[in-house]
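Letter by letter, the chains look like this.
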Amino acid sequence: MYINKIEVTDKRFNLGNGAGSDAVNDSTQYAYAVCELHTASGVTGVGLAFTLGAGNDLVCKAIQYLSGTLKGREIEELMADFGSVYRSILDSPTYRWLGPHKGVMQLALAAIVNACFDLWAKSRQVPLWKLLLDLSPKELVATLDLNYLEDVLTVDEAESILKGNFTGRTLRNGVLQTGYKAYDTSVGWFNYSDEKIKENVARAIDRGFTAMKLKVGSDDPQRDIRRAKLVRTQAGDKTTIMLDANQKWNLPQAISICKELSSINPYWIEEPTHPDDVLAHQTLAKEIAPLKIAAGEHIPNKIIFKNFLQAGAMDFCQVDCVRVGGVSEFLTISLLAKKFNIPVVPHVGDMGQIHQHLVLFNHVAIGHENLFLEHIPHLAKYFKNPANISGGYYAVPAEAGNSSDLVTS
């Protein structure tokens, strides 16, 4: 199955009514830079990178630049040593200078890599989660680029983690029958009124959700504290509540406000300060313990994730395969997190479409804890096979591929 055509599309979706708003992003336009790998057989691999609209055209242009070497490649041959292919795309000299390994070029890489994995799964006529679970440890690790990680994770160690968890798969396979638990991230968008939040909390509980998230980071911290207490009161003490500051605070603010917010017993504080500031997260983690920090939505690559893990600066790893370098780097970071005994709870710029596959692999094959996966419903109608949430759980996807196909309009 040879790639004979590469198509790139700029897709944008207006949300409105406060959906998608947070403390630093008032844009309510979600966007995907879409990479499509076409074959003569009619099978097409689809890959996504997530942005907030403006600038999506830059990512699309970068996909065109970086994807050219894939034309004419056969998918099985390509994926047999995809780690090397990945590195050759990643380190294309003139484009590497624009990063390295971050920003527009890294997002473009995400779309390309995700399209490759989608095409591979479709060519074998299986969902992505099954494709990954069917690979041997050696085959799986061959799809990864572990360059610059050798001090903490070698090829042999990565294979050893997968081999060591192989015998326990039977005990963890139950998730393939029950589905993966979801949490509702759309309860408390930043610009929602208090009344809207109350309605959303009640609706989420009625739909079976036992965990939900509130956006914080207001100019007036008392607004955050009031709204957090409102959610706790409405949801009850048994509900898991996460708080997300979207990088709004500096370190002194984060220390002070997080300590006040601890009164509602949040499960985590997400993105409490600038995502590049590893030492600030490390300091904050010590200052606010036992309150926990979640981070990863804007951590651009495996190296910075490595630094966060080495520094003890995150308690939950929120790697996102449409924000880092695609499925390959997601799996690399999942293995890294396992090495440091940190759970992976992805951010879902893909609205959970690809990640519903990846969390199944993480749990069954790597032995990551079965916690929950973020659910954002706003783009469901634009996907051919939207994630199916029932009783607060993601149903296990049955269609071949990574669930990224968008409806044509």
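Residues numbered from 1 in each chain as written. Predicted model: local features only at pLDDT ≥ 70, side-chain atom pairs only at ≥ 80, totals over all residues. Heavy atoms only, no water.

Student: Talk me through empty space enclosed by the protein; I want residue IDs and the actual numbers.
Tutor: To locate leftover empty space, one rolls a probe as large as a water molecule over the atoms. Tallied over the full model, the rule gives three cavities of 30 Å³ or more. Quantified by volume, the largest cavity comes out at close to 80 Å³. Lining the largest cavity are Leu66, Ile89, Leu90, Tyr95, Arg96, Gly99, His101, Met105, Gln106 and Leu109. Mapped by element, the contributors of at least two residues to the lining of the largest cavity are helix H3 (82-90), helix H4 (93-96) and helix H5 (103-123). A total of three residues in the lining of the largest cavity trace back to one element, the largest contributor, which is H5. Looking at the lining of the largest cavity residue by residue, the classes come out as six nonpolar, three polar and one charged. Considered as a void within the structure, the second largest cavity measures approximately 50 Å³ in volume. Taken together, Met351, Gln353, His375, Ile376, Pro377, Leu379, Ala380, Pro386 and Ala387 make up the lining of the second largest cavity. Taken together, the residues that form the lining of the second largest cavity break down as seven nonpolar, two polar and no charged. (1 Å grid on protein atoms, 1.4 Å probe; cavity = no way out; pocket = protein on both sides within 12 Å on 5 of 7 lines; lining within 4 Å. Points joined across faces, edges and corners; volume = space filled by probe spheres on them. Helix = DSSP H or I, 4+ residues; strand = E, 2+ residues; numbered from the N terminus. Nonpolar A, V, L, I, M, F, W, Y, C, P; charged D, E, K, R; others polar.)

Student: Let's hear about the pattern of salt bridges: which residues, and what values?
Tutor: Per the stated rule, a full pass over the model turns up 21 salt bridges. A salt bridge links Arg87 to Asp145; the shortest N-O distance between them is 2.9 Å. Taken together, the residues Arg87 in helix H3 and Asp145 in the loop between helix H7 (137-141) and helix H8 (155-164) connect sequence positions 58 residues apart. For Arg87, a relative accessible area of 33% puts it in the partly exposed group. (Salt bridge = Lys/Arg side-chain N within 4 Å of Asp/Glu carboxyl O. Buried < 20%, exposed > 50% of the residue type's maximum accessible area, 1.4 Å probe, protein only.)

Student: I'd like a description of the packing of aromatic side chains, backed by residues and values.
Tutor: Scanning the model with the defined rule gives 16 aromatic pairs in all. Geometrically, the ring pair formed by Tyr32 and Phe383 is edge-to-face, given 6.1 Å between the ring centres and 65° between the ring planes. Taken as a pair, Tyr32 in strand S2 (residues 29-39) and Phe383 in the loop between strand S10 (373-375) and strand S11 (389-390) lie far apart in primary sequence, 351 residues in all. The exposure class of Phe383 is buried, given its relative accessible area of 3%. Between Tyr65 and Tyr95, the aromatic rings sit 5.4 Å apart at their centres with planes inclined by 10°, giving stacked as the arrangement. Of this pair, Tyr65 sits in helix H1 (residues 56-67) while Tyr95 sits in helix H4, and the two are 30 residues apart along the sequence. When its relative accessible area of 44% is taken as the criterion, Tyr65 is described as partly exposed. Put simply, the rings of Phe13, Tyr30, Tyr32, Phe50, Tyr382 and Phe383 touch in pairs and so form one group of aromatic residues. Sitting over the face of the ring of Phe190, Arg223 holds its NZ or CZ atom 4.8 Å from the ring centroid. (Phe/Tyr/Trp six-rings, centres within 6.5 Å; stacked < 30°, edge-to-face > 60°. Lys NZ or Arg CZ within 6 Å of the ring centre and 35° of its normal.)

Student: Kindly report on the environment of Asp134, identifying the contributing residues and their values.
Tutor: Within the fold, Asp134 resides in helix H6 (residues 128-134). Take Asp134: its relative accessible area is 49%, and that puts it in the partly exposed class. Considering only alpha carbons, one finds Asp134 and Ala365, 231 residues apart in sequence, at a separation of 9.8 Å.

Student: Any details on the sheet that holds strand S3 (residues 44-51)? Residues and values, ideally.
Tutor: The strand order across the open sheet built from three strands is S1-S2-S3, with neighbouring strands paired in antiparallel fashion. In this open sheet, the two edge strands, each paired with only one partner strand, are strand S1 (3-14) and S3. Between one strand axis and the next, the sheet turns through 20° on average, direction left out of account. With 11 bridges connecting them, S1 and S2 associate as antiparallel partners. From the neighbouring strand, Val8 faces S2, where its bridge partner is Cys35. Sitting on the sheet, H1 touches S1, S2 and S3, and the angle it makes with S1 is about 170°. Contacts between H5 and the sheet are confined to S1, S2 and S3, with S3 contributing the most and set at about 150° to the helix. (Pairing = 2+ DSSP bridges. Axes fitted to C-alpha atoms, helices over the stretch in contact; angles between N-to-C directions. Contact = heavy atoms within 4.5 Å.)

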